[in-house]
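A look at the structure
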Amino acid sequence: MRLLPAAFALVLAAPAAAQSPPPICMAVDEMETILRRHGETPLLRAMMDTGNTLVIFASAQGGRTAVIVAPP
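Here goes a summary of the coordinates provided. (Residues numbered from 1 in each chain as written. Predicted model: local features only at pLDDT ≥ 70, side-chain atom pairs only at ≥ 80, totals over all residues. Heavy atoms only, no water.)

Considering the overall build of the protein chain
Counting its regular elements, the protein chain contains two helices and three strands. For the protein chain, the succession of helices and strands along the chain, N to C, is α-α-β-β-β. A buried classification covers 19% of the 72 residues belonging to the protein chain. The long-range fraction of contacts in the protein chain, counting pairs at least 24 apart against all pairs at least 6 apart in sequence, stands at 22%. (Helix = DSSP H or I, 4+ residues; strand = E, 2+ residues; numbered from the N terminus. Buried < 20%, exposed > 50% of the residue type's maximum accessible area, 1.4 Å probe, protein only. Contact = heavy atoms within 4.5 Å.)

What about the sheet that holds strand β1 (residues 41-47)?
Spatially, the three strands line up as an open sheet ordered β1-β2-β3, and their pairing is antiparallel. Looking at which strands have only one partner, the edges of the open sheet turn out to be β1 and β3 (64-69). The average undirected angle you get between the axes of adjacent strands in this sheet is 20°. In the sheet, β1 pairs with strand β2 (residues 53-58) via six bridges, with the strands oriented antiparallel. Note on β2: the bridge partner recorded for R45 is V55. (Pairing = 2+ DSSP bridges. Axes fitted to C-alpha atoms, helices over the stretch in contact; angles between N-to-C directions.)

See below:
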């Protein structure tokens, strides 16, 4: 399952792959706190066929972050 976030990040950032940071693994609450500090709030939550949840965060300044949350 660790390949899923990396593969998803590569698909999203294919044109800018050289500028993309590596995937980060942490508790979803901690990730959301960090993103909110940077002005990003949840924009979309979707259940994936794999049972994971995809959450897209966005800021008014145009920043976007995709987070894949594995079930506990």
